[in-house]
Every structure is written in structure tokens, then in C-alpha cells.
Protein chains: 2
Amino acid sequence: MATKRPAREPALKTRAGYEFCERHDKLKNRIVLITSGGTTVPLEHNTVRFVDNFSAGTRGSSSAEYFLDHDYAVIFVYRQKSLEPFTRRFIGQQFFDMLDIADNGQSTVITVKPASVDVFAPILAKYKHARESQMILYMSFTSVVDYMWLLRATCECLAAFQERAVLYLAAAVSDFYIPQDKMPTHKIQSGEGPPTISLQLVPKMLAPLVSLWVPHAFVVSFKLETDENLLIAKARDSLNKYKHKLVIANILQTRKHRVVFVTPTTSYEIHLSREQSLQGLEIEEPIVADVVRKHNEFITTSVNHK
Amino acid sequence: MATKRPAREPALKTRAGYEFCERHDKLKNRIVLITSGGTTVPLEHNTVRFVDNFSAGTRGSSSAEYFLDHDYAVIFVYRQKSLEPFTRRFIGQQFFDMLDIADNGQSTVITVKPASVDVFAPILAKYKHARESQMILYMSFTSVVDYMWLLRATCECLAAFQERAVLYLAAAVSDFYIPQDKMPTHKIQSGEGPPTISLQLVPKMLAPLVSLWVPHAFVVSFKLETDENLLIAKARDSLNKYKHKLVIANILQTRKHRVVFVTPTTSYEIHLSREQSLQGLEIEEPIVADVVRKHNEFITTSVNHK
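Reading the values: the criteria
- Residues numbered from 1 in each chain as written.
- Chains lettered and ligands numbered in written order.
- Predicted model: local features only at pLDDT ≥ 70, side-chain atom pairs only at ≥ 80, totals over all residues.
- Heavy atoms only, no water.
- Helix = DSSP H or I, 4+ residues; strand = E, 2+ residues; numbered from the N terminus.
- Buried < 20%, exposed > 50% of the residue type's maximum accessible area, 1.4 Å probe, protein only.
- Pairing = 2+ DSSP bridges.
- Contact = heavy atoms within 4.5 Å.
- pLDDT = per-residue confidence, 0-100.
- Salt bridge = Lys/Arg side-chain N within 4 Å of Asp/Glu carboxyl O.

Looking at an unreviewed UniProt entry, one finds chain A named DNA/pantothenate metabolism flavoprotein C-terminal domain-containing protein and attributed to Glossina brevipalpis.

Enquirer: Would you mind going over unusual backbone geometry in detail, with residue names and values included?
Expert: All names here are of chain A. For Lys28, which is not glycine, the phi dihedral falls at a positive 60°. Phi at Asp71 is positive, roughly 65°, even though this residue is not glycine. With respect to the helices and strands, the residue Asp71 is situated in the loop between helix H2 (58-69) and strand E4 (73-79).

Enquirer: So what about the pairing of strand E3 (residues 49-53) of chain B? Which residues, and what values?
Expert: Put simply, side chains in a regular strand alternate between the two faces of the sheet. With respect to burial, E3(B) is a largely interior element, five of its five residues being buried. Where burial is concerned, the two faces of E3(B) agree: the one with B:Arg49, B:Val51 and B:Asn53 and the one with B:Phe50 and B:Asp52 are both buried. As paired strands, strand E3 (residues 49-53) of chain A and E3(B) are joined by five bridges and run antiparallel to one another. Paired with A:Val51 across the bridge in E3(B) is B:Val51. Two strands pair when backbone bridges link them, and strand E2 (residues 40-42) of chain B and E3(B) are joined in this way by three bridges, in the antiparallel orientation. Across the sheet, the residue bridging to B:Thr40 is B:Asp52, located in E3(B).

Enquirer: Account for the side chain of A:Asp290, with residues named and values stated.
Expert: Position of A:Asp290 relative to the elements: it lies in helix H9 (residues 284-304). Setting aside its immediate chain neighbours within four residues, A:Asp290 contacts A:Phe261, A:Tyr268 and A:Ile270.

Enquirer: Help me get a handle on the confidence of the model for chain A, residues and values and all.
Expert: Residue and element names in this part refer to chain A. Counting all residues, the mean pLDDT for chain A is 88, and 90% of those residues have values of 70 or more. Here residues 1-5 is modelled with pLDDT under 50, and outside its nearest four sequence neighbours on either side it reaches 14 contacts, counting other chains as well. Reported confidence for the predicted complex is 0.78 by ipTM and 0.84 by pTM.

Enquirer: If you had to explain the environment of B:Ile34 to someone new, which residues and values would you point to?
Expert: Residue and element names in this part refer to chain B. Assignment of secondary structure puts Ile34 in strand E1 (residues 31-36). Residues Ile34 and Val74 lie 40 residues apart in sequence; the distance between their C-alpha atoms is 7.1 Å. Residues in contact with Ile34, not counting those within four places in the same chain, are Gly60, Ser63, Ala64, Phe67, Val74, Ile75, Phe76, Val77 and Tyr168.

Enquirer: Describe the pattern of salt bridges, and please don't skip the residues or the numbers.
Expert: Per the counting criterion, the structure on display carries 26 salt bridges over all chains. In this structure, B:Glu284 engages B:Arg59 in a salt bridge whose closest nitrogen and oxygen atoms are separated by 3.0 Å. Pair noted here: B:Glu284 is in helix H9 (residues 284-304) and B:Arg59 is in helix H2 (residues 58-69), with a separation of 225 residues, a long-range link. Neither residue differs from the other here; B:Glu284 and B:Arg59 are each classed as buried. Between B:Glu282 and B:Arg88 there is a salt bridge, and its shortest N-O distance comes to 2.8 Å. You can see B:Glu282 sitting in the loop between helix H8 (274-278) and H9 and its partner B:Arg88 sitting in the loop between strand E4 (73-79) and helix H3 (93-97), a full 194 residues away along the chain. If you follow the salt bridges from partner to partner, you end up with A:Glu65, A:Arg88, A:Arg89 and A:Glu282 in one network.

Okay, structure coming up:
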């Protein structure tokens, strides 16, 4: 694996992470690290083309809102330009179309249309509260190498929380990458005929994360498959291999209304009824509620064993 | 090339395109088709992974605003979730942070902070004007196959404009794709070892577009390279091959302040000084002004030859 540390911002990002963690650790808060969005694998040094993983960041960004509701401090590690908590609900034209502009002769006033205020005000208020009370820290990545550095650096900040930390690894991380020395410097030229891209396996971060970086934390990973027949078996394999607490397994096509919680000893489904979906309930609300419940049990058990 | 027409929306999109074109053709307006953003090449039928082209859609979305300033009707064909005209300037947290929320006891009022109104009001006003006067039509694509169908369908609508149509092909279109029959159905499994991806060349759309679909239009293509030494030669090759009017050539690293206009007989640079960049001038403003000037000359010459 190309482990050269990227030159951009990591020191700054880590410092912000340390300050955030130190403050919340002193307050004895619970904390969750949420990773969200897909990673890229550049195909060229001067990146024009890259392999990407499908992920808008819906799961991670909505879950962040629900963890804030449960009074967790949130470190939101997300793919640049993927969805973010709160703002995900109003993007681009939706936002502009919500606004009225009026000129009263002396000055121009722009207001949110009354019809939109009912929906928008509570979301904006929650956003402002999370920012002002400094309950959320945003850190972004683009490539799979950026992601790995950021995850490792953030885990260092989190270790002090011991059982009070949850890792909620919802990002879609590439399994493959192209080693630095096999990457062409310039844009691949089509005149040279179609290229063949040789990928290598990315080392699994979950192994050192669970056993070394945050050995006392409550670690949750996600498993996205398109083939129902593989889902539970692959989730169980992952638990056996990495020894963490929970895999949230889902199928690409049904992931918005059904997931399976797989623990070392059990597996059960969380799903939304058609009615709940129509009412606008998001599955991340019961998912997070159940993770929080499990985290409570985990803390209680850990304390009793000390 | 997999030419099976995608099942989603194309009929609807085309109908909207026809109505838009018919109205502006009756008004004898000029029209520009702008393509913007990168295309994806899915690696699996149930798409989890795809190859993407680097493009946020900055060039296309900002150019659309300047074409509107020149009274062109704009068909904006863009990669879903890439930047859009006007809204590109205020995204996510920038937007939320611009807003004040106040409760006057009876109702909640959300307003744009006075400090942000000066910058925001003219942009919002232009956006609203473009929408209300129906000078802009948005159509989105994701994969390279979607893109090709949309481009062809839109060209059919544009043909009637003859010389009054500009095609401004700023999208970053993949040169490669994976044929349907070589694409696996499910997510590629990492347990099977790193995969090798074999890509094939995408047929160049510019050839039929220039010679058959819109033979009277003013067609502008873009060339993005990372190697300065290849830039002009490759732009000139493209003009020789496809016989269109103009290639706007740029280097990845300097594309925000320097481009080269390459025509069959000339080449010259458009660039922003450091001062202009600091003042917030965007290079798309002089680029579009020059394309419009060239389009004027082209119309005059065409009329004189009739």
C-alpha cells in the first residue's frame, strides 16, 4: 500500500480532531466517529480519471443527525462534496426556490417563503445548535489513501474515550487501488488503445483499528452487497475475522428500508413499513436508536467487568 | 458500443427538450447546448463501482450564466449532482450559515443575513429571472451511455435552429467503457483477488454530431490535458478530424486562469491576470464573450453565403 502521507491539511485536521476530542472527553461525553461517502482510486498521478465507489453519503449524513439527537459528540469524516447532515435535505435549486426576494426601496430582504418555514426551521435550528455547541466536527477526504490517514489519525484522538467511543464506519471504501509506481503521470491517451487497469487489494483497516487503535471502543461496520445469498455469511465472516461488535448488512436495492444487524451471536432485521416510509421516517432513526441501545449495554457490561 | 436505450426518463426528457426548442425557435432566439460534468462507466450491472472522470462541472455551470447574460436560451445537460448555474455559488453549509432564524411569538421567520444580501441578491434575482422567463432547461445524466442518448436526442431538437445554435461540449466524457456482456452482474468480490478491468474505446460522438445531427450549428469542443506539449497538437488533430469550428484547450492545473482557443486557422490565448482573479472575475466570462463574438461572425458569414 502506498503509505506516503498526503501533503494537504492532515496536520491541521488532526489538531482540530485532538481539540474536539479533548473537550468532549473532559465533559465525559459519548462520541461517535462516522465515516461517510465513497473513496476514489486515482488512475493517474495528475488525476483526471478515477475509480469511485457508489455512495451519496445518505446513511452517514442522516445517522449523524440522529446521534446528535442522542447527545453524542459527532466526528463526521466524509467524502468531499458528499451529503452532509442537515444541509443534505436542501440542495441547489430546492434552496433557491424556497426564497423570496423583496426590495423595500432602501434595502433588499431575502426570506424563506412561509410555506417552507415549517419544514425548514427545525432543521436549521438543529444545525445551528450543533455548530454553536460544538457537538460536530467535519473532516473530509477524497481518495482511499486520504481516507486511511484520516481514519488512523482520528482513532488516535478517540482512544482516550475507551468504551464511550462508537465507530460507525459507513463509508464505502475501495477494496482496490493502483500502487504509486504503476500509475501513469499523465492522462492515459486513448490513441494508445484501451488501457488495462491492474488493481491491487487495499489492506483492511478494520484489523489494526479493532485490535490496536481503539481496542475498547464499540466498533460498527457496514456490509453492502447486491446478492442476498452472500449477505449474512459475509457479515459473519467479517465479525469472525476482525472481532468487532456489529455488522450492519444491507442490499443495494433495499438499503433504504431494510438492514440486518449481525452480531457474533445473533442476527435480526430492522425495517420500515410502507406506511413509515410514506410518513417520511428514515431507517437511520431506528438504526441509530438500536446502536445506542447496544452501546449502553456494552458500557454497562464493560464497567461490571472492571 | 452498448446502444440499448436506457429505460429511465429519456422520452420525458426529450419532450421537454422539444417544447423548449420549439418555443425559442419561434422567438428566433439563439440557443446553446452546454454539456457539463463527468460521465461514469459502471463496472457492474448492479452498480457499486464505476470509473469516473474528474469534473465538478465548474466550466459548464458558470458558462451557462454568462450565455444567459448574452440572451441565449440554454439547455444545460449536466452530470447529476455536479454544479449547476447560480446554485453552484452557495452550497451546503455556506447556505445554512447565511441564514438567521427568528421567532416573533406568532411565527418563525428565516432571513438571509444583511451582510450576505449584497452578494446573494443579484445571483438569486438572475436565477429567478432565468427560470421564470424559461430561458434555461436542465437535463441530467450519470453514465456515459445516458450521456450519449441525451446528446443525440437534444441535437434532434436543435437542428431546426441551424446557425443560431451553439454546442458547447464542456462535459468530461469517458473515452472508455465496459461492454454490457463483459460486465459482472454483482459486486466484484475482493476475495477472488484483485480484478483486471478491460475497457474498450467509446465511439466518438463528435463525428456524427458535426456531419449529420446539427450540420449548420456552431460546435465548440473542449480538450483537457495534463501535458502542455500535447495540447495544441491534439486540439488541431480534433479539428482536422471532426471539422467543427473551435476547440477550447486547457491544462488541468491552469484551467481556471488560462485556455487556448484553437480554430482551423488560428490559435490564441485567453487568460486572467492575477489581479482579475483576485477581483473574482471568472475566466468563463471572457471565454463566453469570445465564443459569442465568433458565433456572431459565423452567422453573418453564413447568411452572406446563402
